[in-house]
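Next come the chains, spelled out residue by residue.
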Amino acid sequence: MKGYQIQELSKVIQIDRKKCKGCDSCKEFCPTNAIDGKYGTVHSINNDKCVFCGQCLVNCPFAAPTDVIDPVDQVIQKLKNKQITVVAAIAPAVRVAIGEEFGMEPGRLVTEKLYGAMKEAGFKIFDVNFAADHTIMEEGSELLAKIRHYLLGEKVEHHLGVLPQFTSCCPAWVRYVELNYPQIIPNLSSAKSPMMMAGSLAKTYGATDVWHVNPEDMYVVGVMPCTAKKFESSRAEFDSAAEYWKKQGKTASYPDVDTTLTTRDLARLFKKLNINLNTVYDFKDSDNPLAQYSGAGTIFANTGGVMEAALRTAYFIITGSELQTLELTPVRGLKGIKEASVTMKDIKTGKELIVKVAVVYGIKENAVPLIEQVIAGTSPYHFIEVMNCPGGCVNGGGQPIHAMGTSWLDKWKVMLPWN
Ligand code: SF4
Ligand code: SF4
Ligand code: SF4
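For clarity, every value in this text was computed on a predicted model and none was experimentally measured. (Residues numbered from 1 in each chain as written. Chains lettered and ligands numbered in written order. Predicted model: local features only at pLDDT ≥ 70, side-chain atom pairs only at ≥ 80, totals over all residues.)

Attention now goes to the overall build of the chain. Regarding its fold elements, the chain presents 14 helices and 13 strands. Computed over C-alpha atoms, the radius of gyration of the chain comes to 21 Å, within 12% of the 22 Å expected from 2.2 N^0.38 for 419 residues, which places it in the range of a compact globule. Dimensions of the chain, computed from the C-alpha atoms along their principal axes, are close to 60 × 55 × 40 Å. With 419 residues in all, the chain has 47% of them scored as buried. Long-range pairs, those at least 24 residues apart, make up 73% of the contacts in the chain with a sequence separation of at least 6. (Helix = DSSP H or I, 4+ residues; strand = E, 2+ residues; numbered from the N terminus. Rg over C-alpha atoms; globule rule 2.2 N^0.38 Å. Buried ≥ 20, exposed ≤ 12 C-beta atoms within 10 Å, placed from the backbone. Contact = placed C-beta atoms within 7 Å.)

Now for the packing of helix H3 (residues 72–80) against helix H10 (residues 263–272). Two numbers describe a pair of packed helices, the interaxial angle and the distance between the axes. For the pair H3 and H10, interaxial distance at closest approach is 10 Å and the crossing angle is 50°. Relative to H10, H3 is oriented oblique. With respect to the hand of their crossing, H3 and H10 are arranged in right-handed fashion. On H10, the residues that touch Val72, Val75 and Ile76 of H3 are Asp265, Arg268, Leu269 and Lys272. (Axes fitted to C-alpha atoms, helices over the stretch in contact; angles between N-to-C directions. Parallel < 35°, antiparallel > 145°, perpendicular 65-115°, else oblique. Left-handed = near helix turned anticlockwise from the far one by under 90°.)

Within the open sheet, the four strands sit side by side as E6-E5-E8-E9. Their pairing is parallel. With one partner strand each, in any of the chains shown, strand E6 (124–127) and strand E9 (259–262) form the two edges of the open sheet. On average, each strand axis in the sheet is inclined to that of its neighbour by 30°, with strand direction left out of account. Sheet analysis places strand E5 (residues 85–90) next to E6, joined by four bridges and oriented parallel. Counterpart to Val87 in the pairing with E6 is Lys124. (Pairing = 2+ DSSP bridges.)

Here Cys26 is to be found in helix H1 (residues 25–29). Residue Cys26 is classed as buried on the basis of its C-beta count, with 25 C-beta atoms lying within 10 Å. Apart from the residues lying within four places of it in its own chain, the contact partners of Cys26 are Ile35, His43, Cys56, Asn59, Cys60 and Pro65.

Around ligand 1, the surrounding shell holds 13 residues, and the nearest of these are Cys20, Cys23, Cys26, Cys60 and Ala64. Partitioned by chemical class, the residues of the shell around ligand 1 number eight nonpolar, three polar and two charged. (Near = placed C-beta within 6 Å. Nonpolar A, V, L, I, M, F, W, Y, C, P; charged D, E, K, R; others polar.)

Around ligand 2 there are 15 residues in total, and Cys30, Ala34, Cys50, Cys53 and Cys56 lie nearest to it. Split into classes, the residues belonging to the shell around ligand 2 amount to twelve nonpolar, three polar and no charged.

Attention now moves to the sheet that holds strand E7 (residues 165–166). With respect to topology, five strands assemble into an open sheet ordered E7-E13-E12-E11-E10, the strand pairing being mixed. The sheet is open, and its two edges are formed by E7 and strand E10 (329–330), each paired on a single side. As judged from the nine bridges shared by strand E11 (residues 337–345) and strand E12 (residues 352–361), these two strands associate in the antiparallel manner. The partner of Ser341 across the bridge, within E12, is Lys356.

Turning to unusual backbone geometry, a few remarks are in order. The residue after Leu163, namely Pro164, is reached through a cis peptide bond having omega -5°. Among the structural elements, Pro164 can be located in the loop between helix H5 (128–151) and E7. Of note, Ala63 is a non-glycine position whose phi angle comes to about 50°, a positive value. Position of Ala63 among the secondary structure elements: in the loop between helix H2 (55–59) and strand E4 (65–67).

Now for the domain arrangement of the chain. With domains assigned, the chain is organised as domain 1 (13–67), domain 2 (72–131 + 193–293) and domain 3 (136–191 + 296–415). Relative to domain 2, the C-alpha centre of domain 1 lies at a distance of 29 Å. Counting from both sides, the interface comprises seven residues of domain 1 and, opposite them, four residues of domain 2. Looking at the side of domain 1 that touches domain 2, its residues break down into five nonpolar, one polar and one charged. (Domains from an automatic or database assignment.)

Further remarks concern the nonpolar core. Counting residues in hydrophobic clusters, the biggest one holds 109 residues, and the most contacted among them are Val87, Ala89, Val221 and Val223. Discounting residues that sit within four places of it in the chain, Val223 has contacts with Ala88, Ala89, Ile90, Ala91, Val94, Leu261 and Leu266. (Core = buried A, V, L, I, M, F, W, Y, C linked by C-beta atoms within 7 Å.)

Further remarks concern the environment of Ile184. Mapped onto the secondary structure, Ile184 falls in the loop between helix H6 (171–180) and helix H7 (194–210). Among the residues examined, Ile184 registers 18 C-beta atoms within 10 Å and is labelled partly exposed. What Ile184 contacts, discounting residues up to four positions off in sequence, is Val177, Ile371, Val374 and Ile375.

It is at 8 Å that the axes of H7 and helix H9 (residues 240–247) come closest, and there the two elements cross at 35°. Residue-level contacts link Gly199, Ser200, Lys203 and Thr204 of H7 to Ser240, Ala241 and Tyr244 of H9. Its residues assigned to classes, the contact of H7 with H9 comprises two nonpolar, four polar and one charged.

Between its terminal C-alpha atoms H5 stretches 33 Å, which fits the 34 Å expected from 24 residues at 1.5 Å a residue. One or two residues past the end of H5 sits Gly153, with phi positive at roughly 70°. (Expected span 1.5 Å × (residues − 1).)

Along the chain, Lys338 falls in strand E11. Residue Lys338 is classed as buried on the basis of its C-beta count, with 20 C-beta atoms lying within 10 Å. For the pair Lys338 and Ala88, spaced 250 residues apart in sequence, the C-alpha to C-alpha distance is 34 Å. Leaving out residues up to four positions away in the same chain, Lys338 has contacts with Leu328, Thr329, Pro330, Val331, Ala358 and Val359.

Listed below in structure tokens is the structure:
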């Protein structure tokens, strides 16, 4: 199998031969042309090209693509084992979607009900919005170092990649770059995604200061709107907590995130445990520092959110004041891409500079033209956010499936609380 490390998942979605009608609809949504098969014949997924985004799964009219990995029973076993502390790292896009699986109207924000259900199931809660704040600080600091070095001409002691900086929190996008454009890997931000940030924080600070348990006795479950996160949590390089403990002289060998449940998986888990989101008690978890977060973390799930949050961080440090407005406008001649220019005055030197940013979702149609510009050395941008799924993670491949596929996305976006 092409480019996989030992222990990584090499297959996340498969097509059920008995259900596939060969209608070709999935090919429209696949960002990587990973689906083989002629019209009218049974289709299959080429795992050397697949980036595990699940868009074929949520858009097939015959429910033929399915998840290969079903961790629900394994997580229930862990929850029943009283020796193990099971921590759920819950992504923001889950709380606006899971209500649908229990008959609520689409887009309803059910954070406290979700927390109540998680508590009843036996999970400890780690709100990924909190971890998103850390990703933003890391990604914003990295951007800041590059701006200081490349645009303001300062000598910066920092592990520098190159500009433009691409976001790295979407595992489907990262996988796409690795497979198709390895020459731009130095452009990817080195910041971990919020889920992986949550896993490493849970098994270090969370273990010692919040739950007071041995990190070896923890089981961290990513709860995500995304099928590609199942692949991400299996990636061999994400064992920062174990590396940290080894440096403290301990024997440690475990991943930062042990497994990942999609929104659909979590709904099945609740149903297997007879937990009904409609009737469960609301829970706030106010005493848990890992369940708190800022407005920056909250906008992370929407397209444009990562870039805006990191840019605001860099802007504040360079200018000493808050960025008041960031107006993204569509790029003429390039469909699906929005851009903005931000003028910053360095508080230390008085030097003025213009930082250009772009936001894009949809790899095949929209990100590829920007990659080509970067490779040709003609990119006008300094920071580019790429998310694979239409509208960002709110419409990820792990979300509830609708008869209309993703065509109702705009309506849903309007209903989201941060819109
Ligand atoms: S959309 Fe579904 S039924 Fe149609 S070809 Fe793809 S997998 Fe098969
Ligand atoms: S999971 Fe995504 S990349 Fe893989 S075949 Fe389906 S649509 Fe294509
Ligand atoms: S946009 Fe979000 S949901 Fe979609 S593949 Fe990327 S991380 Fe997953």
